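If you want the building blocks of each chain, they are given just below.
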There are 2 protein chains.
Amino acid sequence: MARRSEHTREQLRDLMLEAAEQLIVNKGLAGLSARAIARQIGYTPGTIYLVFANLDDLILQVNARTLDRLRLPMQAAVAATDDPEQQLLGAARAYADFARGHPNLWRACFEHRLPEGVAGPDFIDTRIAQLVELIMAPLARVSGAEGAALDAAAQSLWSGVHGVCILTLTGKLHMVGGQATEHLTDDLITHYLAGLVSRTSPASSRA
Amino acid sequence: MARRSEHTREQLRDLMLEAAEQLIVNKGLAGLSARAIARQIGYTPGTIYLVFANLDDLILQVNARTLDRLRLPMQAAVAATDDPEQQLLGAARAYADFARGHPNLWRACFEHRLPEGVAGPDFIDTRIAQLVELIMAPLARVSGAEGAALDAAAQSLWSGVHGVCILTLTGKLHMVGGQATEHLTDDLITHYLAGLVSRTSPASSRA
DNA sequence: GCGCGATAGTGAACGGCGTTCATTATCGGC
DNA sequence: GCCGATAATGAACGCCGTTCACTATCGCGC
């Protein structure tokens with residue numbers, strides 16, 4: 001019972017990540033199991049532990065990939081125009097779009113919990129920070145904010161967009177006048193920006 | 001093996017919810033199990049299924065209680081002042097406070113996933129809607145918005161506050177200039193409100 | 001061509017899980 | 001003092017993550 005390098009460690013890693021991704025896509029994080037991955041790639045569960053420390057480790061690697069893929073359309077949206085407000089609106093729409101298009105992968109990034117004490121690894125934190133940094137430049141241009149105020153603005157605004165996506169896409173916002181995700185992100189961003197501009201550079205409208 | 005009403009159905013229900021809550025508080029949603037609940041109250045796992053349809057049902061009941069408890073400090077914050085902006089800031093701070101004070105219970109409300117197809121029950125949706133409705137009146141007063149615009153504002157703003165709480169409290173916002181939760185909710189609300197006011201009732205400052 | 005040490009991969013096992021259900025021990029009423 | 005109803009059991013089913021002694025195969029030195 002050994003196929004001695006029928007696949008490289010690296011190939012095996014990719015096979016497993018691919019299989020895991022597919023399982024998450026089809027049945028959500030809860031549908032993922034070491035046994036299911038093994039079944040799908042024709043190995044036994046034990047083999048997974050030759051490549052990953054444990055299932056959490058594997059899931060975090062899938063999430064890292066997802067965050068990388070999520071960054072691309074957001075970058076594209078920022079690159080698509082020179083108007084900083086449009087850049088922010090576009091990035092948020094790209095974010096919401098990705099979340100709606102790959103709900104299970106996206107939710108896996110934010111709903112996966114490590115055991116009680118353990119902190120998330122740097123390679124995830126870094127990738128989330130990259131997303132927030134994407135909006136820093138447009139935000140600085142549109143508001144004139146800098147330093148700690150700019151950090152705060154980027155974090156609160158992006159968290160806000162994230163919150164809108166979470167609550168609308170998980171169906172927890174089934175209330176009175178249920179609004180579409182993009183409608184709400186647009187609302188949040190335009191009003192936030194208007195307020196930020198009026199407070200940071202009080203007397204100007206440079207149209 | 002039958003103690004024939006050593007406890008009422010109702011008492012049993014309370015015992016189970018209490019035990020479940022304690023387990024979630026101490027070890028998170030992942031630390032909850034039918035066997036653990038049963039062990040804690042001196043019954044066997046099977047008994048749980050005489051009272052609840054399944055574990056998900058039980059968890060949803062715990063979450064309903066949590067949301068009820070969460071509403072109280074938010075209501076108090078709204079009642080504590082007449083200034084609508086202060087009401088909104090206070091409600092958000094109360095929300096963040098509760099989330100920080102009972103992180104595992106709070107996260108259970110939003111991270112618990114039902115099986116793939118199943119939708120959340122009304123008694124949860126209703127309670128979330130109640131939280132959003134709490135901020136509708138202040139929001140209407142401060143902005144003059146009404147109808148669909150008011151709905152959108154309440155939903156996007158509250159979702160935003162929720163997003164800030166999620167990302168800061170789960171440690172996913174460990175970035176450049178890490179900001180305190182309350183600082184970010186204040187930032188989000190003040191700027192959003194400033195923008196909302198300037199767009200809804202363009203030419204006025206009624207201090 | 002051959003044997004041998006290294007090792008990729010196995011598969012059985014452990015202790016846990018949610019859930020079901022035939023069985024039992026106890027109760028209230030006759 | 002019995003008997004029907006029923007609260008509660010506990011064993012069972014099929015899952016789970018994870019570990020590890022073992023084995024079947026490989027590449028290498030002869």
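Let us look at the structure shown here. Just so it is clear, the structure is predicted and the values come from calculations on it, not from any experiment. (Residues numbered from 1 in each chain as written. Chains lettered and ligands numbered in written order. Predicted model: local features only at pLDDT ≥ 70, side-chain atom pairs only at ≥ 80, totals over all residues. Heavy atoms only, no water.)

## Considering the layout of surface pockets
Each pocket or cavity is described by its volume, and for the largest pocket that value is around 780 Å³. Lining the largest pocket we find 27 residues, and of these Leu-29 and Glu-111 of chain A together with Leu-29, Ala-30 and Glu-111 of chain B sit closest to its centre. Those elements that provide at least two residues to the lining of the largest pocket are α4 (55–79) of chain A together with α4 (55–79) of chain B. When grouped by side-chain class, the residues that make up the lining of the largest pocket number 13 nonpolar, 4 polar and 10 charged. (1 Å grid on protein atoms, 1.4 Å probe; cavity = no way out; pocket = protein on both sides within 12 Å on 5 of 7 lines; lining within 4 Å. Points joined across faces, edges and corners; volume = space filled by probe spheres on them. Helix = DSSP H or I, 4+ residues; strand = E, 2+ residues; numbered from the N terminus. Nonpolar A, V, L, I, M, F, W, Y, C, P; charged D, E, K, R; others polar.)

## Observations regarding helix α10 (residues 181–200) of chain A
A rise of 1.5 Å per residue sets the reference length of α10 of chain A, with its 20 residues, at 28 Å; its end C-alpha atoms lie 28 Å apart and thus fit the reference within 8%. The buried fraction of α10 of chain A is high, at 14 of 20 residues. (Expected span 1.5 Å × (residues − 1). Buried < 20%, exposed > 50% of the residue type's maximum accessible area, 1.4 Å probe, protein only.)

## Describing the nonpolar core
If you look at the biggest cluster of nonpolar residues, it comprises 96 residues, and the most contacted ones within it are Tyr-95, Leu-139 and Trp-158 of chain A together with Tyr-95, Leu-139 and Trp-158 of chain B. The residues contacting Trp-158 of chain B, other than those within four sequence positions of it, are Leu-167 of chain A together with Met-74, Tyr-95, Phe-110, Ile-128, Leu-131, Val-132, Ile-135 and Ala-153 of chain B. Among the nonpolar cores identified, the runner-up in size contains 22 residues, and Leu-12, Leu-17, Phe-52 and Leu-55 of chain B belong to it. (Core = buried A, V, L, I, M, F, W, Y, C linked by side-chain atoms within 4.5 Å. Contact = heavy atoms within 4.5 Å.)

## Comments concerning the relation of the copies chain B and chain A
The transformation that overlays chain B on chain A combines an axial shift of 0.0 Å with a rotation of 180°, and the residual RMSD is 0.0 Å. Such a combination of rotation and displacement between the chain copies is what one expects of a two-fold axis. (Least-squares fit on C-alpha atoms with pLDDT ≥ 70 in both.)

## With respect to the pattern of salt bridges
Residues and elements named next belong to chain A. Per the counting criterion, the structure on display carries 26 salt bridges over all chains. The shortest N-O distance in the salt bridge between Arg-71 and Asp-68 comes to 3.3 Å. With a gap of 3 residues between them, Arg-71 and Asp-68 both fall in helix α4, about one helical turn apart. Notably, a salt bridge pairs Glu-111 with Arg-107, separated by 3.1 Å at the nearest N-O pair. Placement of both Glu-111 and Arg-107 in helix α6 (residues 103–111) is noted, with a separation of 4 residues, approximately one turn of the helix. Each of the salt bridges in this network shares a partner with another, and the network as a whole consists of Asp-14, Glu-18, Glu-21, Arg-65 and Arg-69. (Salt bridge = Lys/Arg side-chain N within 4 Å of Asp/Glu carboxyl O.)

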